[in-house]
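Structure assessment
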Amino acid sequence: MIPIIFIMPFVQTLILVYAATLELKNTNITIVDLDHSVISQTLCSKFEASPFFNVNFESGYDDDTEYLLLTEKTKAVLIIPENFENDLKSGIKTQLQLNINAIDGQGAGLISIYVNQTILSQLSNVKPFANKTNLQVMPAKINANSRFWYNETLNFKHFMLPGILTILVSMIGIFLTSLNLVREKEMGTIEQINVTPIKKWQFIAGKLIPFWIIGLLVLGIGIGIGIVLFDLPFRGSLLTMFVFTCLYLITSIALGLLISDFASTQQQAMFTIFFFFLIFVLMGGIFTSVESMPEWAQNINKINPMYYFMKIIRSVLLKGATVFDLINEFFALLGYGILALVVAVWQYRKVN
Amino acid sequence: MSEENIIEVKNLVKKFGNFTANDNLNFSVRKSEIFGFLGANGAGKTTAIKILCGLLLPTSGEVNVAGFDAFKQRNMIKKNIGYMSQGFSLYEDLTVKENIEFYAGIYGVKRSVIKTRLNELVEKLHIHELKDEFVKDLPLGWKQKIAFSVAIFHKPQVVFLDEPTSGVDPITRRQFWDLIYEAVDDGITAFITTHYMDEAEYCDRISIMVDGKIDAMGTPTELKRLYNAQNMDDVFVKLARKQEII
Amino acid sequence: MNRFLAFLTKEFLHIFRDVRTMMILFLIPVFQILIFGYVIKNEVRDAKVGVLDFSGDVMTAQIVSKLDAANDIEIVDYYKNYSEIESAFKANKIKAAIVFEPNFAATFVKEREANLQIILDASDPNLANLLNSYISAISANYANEQKASQAVINVSIEPRMLYNENLVSAYMFVPGTMALILMVITALMSSISIVREKEIGTMEILLVSPLKPIQIILGKLAPYAILSIVNAISIIIIGNFVFGVPILGSPIVLLILSFIFILMALSLGLLISNIAKTQQVAMFISMFGLLLPTMLLSGFIFPIENMPVALQYFSYIVPAKYFLIALKSVMLKGLGFAFIWKELLVLLGMTSLFIGISVKKFKIRLD
């Protein structure tokens, strides 16, 4: 038990943070330059210098290039057409072709955006050939300056870490609590307890409080690992984090208790948890943005405790939010926790 | 091998690496007798039973069960014996009937035969209602009786009973022994291990194993006389003490 | 044969008796597919954006209404200063904010150039990136329209999304779910069911019976093989009918591939059941040794090439990785044996390795 509790956060944070990355990095891209002009060459070197891409060059687009895509040797092929520089400078409409292996739709979308940004930032410096119209009207433009707050370097690990910590804390609350209680049931030790003069609530509290403390400890360790190894910022106050974690742990432990009420074997408990955990994790915004989900899914999320904690932990750690900034989440979790605990305890007394 | 000996063991040795679990065992079991196989935990009983059941290969010696050789004909041995373990190992999530059908099925009993014997069994044990209950809902005594009925359902020549009465109350134990006597009357040989010394007295003959060897063998009366003891408990204690003195 | 049939009957009884586990086993893939298909989207929809307008002229109003009209963006609030933006970010009310400099329109007319600032909540870096490119594109478009005659540079980039034109996320998760479910049912369930027999002591009785060890093992494994084939086929059908995931390759190749993967998973289940003494141990080995790697290190959700080198090497021993590569090649690209023989060989190699170890361990126990 003890090794699981303390090794788990280490292993999970380390492996998950590295494995669970949807960040674009070293993506293999093939460039077919049919123009061989100064501009096309600068574009190529721009791509070569980019940390996002690993570039290789092909002399023409044919079946062999297609084969590279087919066999996953390259993720995307960018084709610079003949006369590209000329057309560009003469103001003739010209087109770059970008073929992306889009089986991973999200990744493909990102590749498309990064390629776009790389090309456009380079081409905005291109001076067109002087001609009549250009002399008359100076080009107009709006300079959009982007500021990436809370994560200037767009470090994906800072996005994932809070998510992984959420999973970690929920595992302690839901998994360990319910498996422990069901085991007691399976081994029959609960009968033993029932004949002692200890009161039901005392027994339940005695069972739950250790997990509550373990959960707090594990989150502490997890955040510590994040700060030391991954430079994770902790912009909010420790107290805020503590208050919210206490609340969330009550909710998840109550859910664990509730599941143990309905399961008679560890196996059943395990599968039930696996089922709900999967839904909670997938919908809670841990790997993907809740914002891109349809309205009804966002509504379902209102009964997903992980959704609240996910928001909270990201806001507190990365943005320095306070309880007042997150007052809705505070009351949601508080209500959830109380409700779940009452139902779980009531059900527990009925069953045992 | 003599006609009436159903199990014959000569110079049986079983070694695990350097450890000798069975050290030169010699004994035979006659047809239709109840043979008690006694010994403290770790004395080598389990190893011997596993060899007799065809689960383990002996290191050396001659072992013959139901007319088959324990070296070469292990599968034939398996077909001709029954086995009941101390856990009364039935499937809790299956009904009594399903358990019986399953075990009879894997012993290759024909479907029609299963049906008639099942009906006979239901009549004999008066389990008309019980037969469709899940095993997990049965009291321990019933689990035990049914486990035994399952072990002899395919009419084996020998049935091996590995501590078949552990954890059961005295009255149920008594009833269980009645079942064993009945099976023996039908011509089945019972090879039984037990911790209860009073049960040892119910056996026709017993052997007592100490440290991989058979220390004593004979009818309960013979042994009591030999060790000048009141009951089997005494015999056992005296044997253990003798061991200590050496 | 009759003996074996009796055994199979019993196994199916076990499986169907455990209604809860059964339900969950069939519900998990269905829910997973539905969530992935309907809930997890690749595009940004109605991202909430706030405005801080120091200028407040016609032009800024036009840009804001253009942004609001775009599908991806929803303008939710106007702010008076930066600290209001900050608290909106902290309360998770907006994902981005646009700040217009004072005298925006006037500057634009006079200098032919004006500045706006896009502030993004980069605690979600990918979303921030997407929003950034949407908003800059819309504002650049607006600038071009103002000058109607001609754009400075007239270039467009024409992306062609191969194998998945509409960027349907189902293309990723249908194969992934298949790998996961086949792994869960075959390896996890079969190992647990074998270990359970050991735990309750019935394995002893089975070994004493005239059933041959190979019959016992086949009898334990066959039902799970059948269940997982049913499950695999239903996942493909749901993927195809509900989300339009194509089956471009030959269904026979697909079946052979799935069958080999199932075989591999069964041999893995056998190996686990050999190692584990209790169901709990079997469950933990399966969870942490099989499920997590299958979800994380197989390319199911997270692309392997983005991972650190050490994890990339580790992914070579994750069987699901090979299955997924081959499965995607057959289903989505329409490729045949010529392209997937390497993956098939690796899977077969793993299968024989696992069986070899199991047999060896089993032999040692018998002597």
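Since the model is a prediction, treat every value here as computed from it, not as a measurement.

**A word on the overall build of chain B**
Looking only at helices and strands, one finds nine helices and 10 strands in chain B. In terms of overall size, chain B behaves like a compact globule, its C-alpha atoms giving a radius of gyration of 18 Å where 246 residues would be expected to give roughly 18 Å. Each principal axis of the C-alpha distribution contributes one length, and for chain B these read about 55 × 40 × 35 Å. For chain B, with 246 residues in total, the buried portion stands at 42%. Long-range contacts, defined here as pairs at least 24 residues apart, represent 68% of the contacts in chain B between residues at least 6 apart.

**Some thoughts on the interface of chain B and chain C**
Taken together, the contact pairs 20 residues of chain B with 20 residues of chain C. Of all the secondary structure elements, the ones that give two or more residues to the side of chain B that touches chain C are helix H2 (74–80) and helix H3 (96–106) of chain B. Of all the elements, H3(B) adds the most residues to the side of chain B that touches chain C, at four residues. In terms of residue class, the side of chain B that touches chain C is built from 10 nonpolar, six polar and four charged.

**Regarding the arrangement of the chains**
Here the protein chains form two pairs of chains in contact, of which the pair with the most contacts is chains A and C. At their nearest point, the C-alpha atoms of chain A and chain B are still 13 Å apart, with no contact between the two.

**Topic: unusual backbone geometry**
Non-glycine residue His36(A) carries a positive phi angle of around 50 degrees. Among the structural elements, His36(A) can be located in the loop between strand E1 (27–33) and helix H2 (38–49). Residue class for His36(A) comes out partly exposed when judged on the 13 C-beta atoms lying within 10 Å of it. Positive phi values are uncommon outside glycine, yet Ser32(B) reaches one of about 60 degrees. Inspection of the secondary structure puts Ser32(B) in the loop between strand E2 (19–30) and strand E3 (34–39).

**Considerations on the packing of helix H7 (residues 170–200) of chain C against helix H13 (residues 319–333) of chain C**
Residue and element names in this part refer to chain C. Two elements in contact, H7 and H13, have axes separated by 10 Å at closest approach and are oriented at 135 degrees. Viewed along their axes, H7 and H13 adopt a mutual orientation that is oblique. Like other packed secondary-structure pairs, H7 and H13 cross with a definite hand, here right-handed. Along its contact with H7, which presents Tyr171, Pro175, Gly176, Met178, Ala179 and Met183, the element H13 presents Ala320, Phe323, Leu324, Leu327, Lys328, Met331 and Leu332.

**Considering the sheet that holds strand E9 (residues 205–210) of chain B**
Residues and elements named next belong to chain B. Strand order across the open sheet formed by six strands is E6-E7-E8-E3-E9-E10, with mixed pairing between neighbours. Pairing within the sheet leaves two strands with one partner each, and these edge strands are strand E6 (81–84) and strand E10 (213–218). Pairs of neighbouring strands in the sheet enclose a mean axial angle of 15 degrees, with direction left out of account. Sheet analysis places strand E7 (residues 158–162) next to strand E8 (residues 189–193), joined by five bridges and oriented parallel.

**A look at the sheet that holds strand E1 (residues 5–16) of chain B**
Residues and elements named next belong to chain B. Pairing is antiparallel in the open sheet, where four strands are placed in the order E2-E1-E4-E5. Two strands close off the open sheet at either side, each with one partner strand: E2 and strand E5 (68–69). Pairing analysis gives two bridges linking strand E4 (residues 60–65) to E5, with the strands arranged antiparallel. Its bridge partner lying in E5, Asn64 is registered against Asp69.

**Focus: the nonpolar core**
Counting residues in hydrophobic clusters, the biggest one holds 202 residues, and the most contacted among them are Leu78(A), Ala96(C), Ala97(C) and Leu182(C). It is H7(C) that contributes the most residues to this core, 19 residues altogether. Discounting chain neighbours no more than four positions away, the residues touching Ala96(C) are Ala47(C), Val49(C), Ile118(C), Ile119(C), Leu120(C), Asp121(C), Leu131(C) and Ile135(C). Residues Ile106(B), Ala151(B), Phe160(B) and Ile188(B) belong to the second largest nonpolar core, which totals 72 residues.

**Some details on the interface of chain A and chain C**
On the side of chain C, 91 residues touch chain A, which itself brings 89 residues to the contact. Taken together, the elements giving at least two residues each to the side of chain A that touches chain C come down to helix H1 (2–19), helix H3 (63–70), strand E4 (94–101), helix H5 (105–123), strand E5 (141–149), helix H7 (156–187), helix H11 (266–283) and helix H13 (305–319) of chain A. Sorting elements by how many residues they give to the side of chain A that touches chain C places H5(A) first, with 13 residues. Taken together, the residues of the side of chain A that touches chain C sort by class into 48 nonpolar, 30 polar and 11 charged.

**Looking at the environment of Thr221(B)**
Of note, Thr221(B) is situated in helix H8 (residues 220–226). The spatial distance from the C-alpha of Thr221(B) to the C-alpha of Glu33(B) is 16 Å, given a sequence separation of 188 residues.

**Details of helix H9 (residues 213–243) of chain C**
Residue and element names in this part refer to chain C. End to end, H9 covers 44 Å across 31 residues, agreeing with the expected 45 Å (1.5 Å per residue, within 8%). Taking the largest bend as the criterion, H9 deviates by roughly 25 degrees, centred on Leu221, and proline Pro223 comes between one and four positions later. Positive phi appears at Gly244, one or two residues downstream of H9, with a value of about 70 degrees.

**Structural notes on the environment of Met241(A)**
Residue and element names in this part refer to chain A. Residue position: Met241 is located in helix H10 (residues 238–262). Residues Met241 and Leu219, 22 residues apart in the sequence, show an inter-C-alpha distance of 10.0 Å. When residues no more than four places from it in sequence are discounted, the contact partners of Met241 are Gly236 and Val316.

**Observations concerning the confidence of the model for chain C**
Residue and element names in this part refer to chain C. Scored by pLDDT, chain C comes out at a mean of 85, with 95% of its residues at no less than 70. Per-element confidence in chain C is highest for helix H10 (residues 251–275), whose mean pLDDT is 93, and lowest for strand E5 (residues 155–162), whose mean pLDDT is 75. Both scores are given for the predicted complex: the pTM is 0.82, the ipTM 0.84.

Conventions we followed
Sequence order as written defines residue numbering, which begins from 1 separately in each chain. Chain A is the first chain written and ligand 1 is the first ligand written, with later ones labelled in order. Given that the model is predicted, a residue must reach a pLDDT of at least 70 before its local features are reported, and side-chain atom pairs must reach 80 or more before they are shown or counted; all residues, however, enter totals for whole chains, interfaces and linings. Secondary structure follows DSSP: runs of H or I at least 4 residues long count as helices, runs of E at least 2 residues long count as strands, and numbering of each begins at the N terminus. Within these notes, the globule rule equals 2.2 Å times the number of residues to the 0.38 power, and the radius of gyration is based on C-alpha atoms. Each residue is classed by its C-beta neighbour count within 10 Å, where at least 20 other C-beta atoms makes it buried, 12 or fewer makes it exposed, and intermediate counts make it partly exposed; the C-beta atoms are placed from backbone geometry. Residues are defined as contacting one another if the C-beta atoms placed from their backbone atoms lie within 7 Å. Ten residue types, Ala, Val, Leu, Ile, Met, Phe, Trp, Tyr, Cys and Pro, are classed as nonpolar, four, Asp, Glu, Lys and Arg, as charged, and the remainder, Gly among them, as polar. Interaxial angle, 0 to 180 degrees, is taken between N-to-C directions of lines fitted to C-alpha atoms, where a helix line uses only the stretch in contact. For this classification, under 35 degrees means roughly parallel, over 145 means roughly antiparallel, 65 to 115 means roughly perpendicular, and everything else is oblique. In this scheme the handedness of a crossing depends on how the near helix is turned from the far one: anticlockwise by less than a right angle means left-handed, clockwise means right-handed. Between any two strands, pairing holds if DSSP finds at least two bridges. By definition, a nonpolar core groups buried Ala, Val, Leu, Ile, Met, Phe, Trp, Tyr and Cys residues that connect through C-beta atoms lying within 7 Å of each other. For a helix, the expected span equals 1.5 Å multiplied by the residue count minus one. The reported bend at a residue is simply the angle between two axes, fitted to the 7 residues ending at it and to the 7 residues beginning with it. By definition, pLDDT measures how confident the predictor is in each residue, and it falls between 0 and 100.

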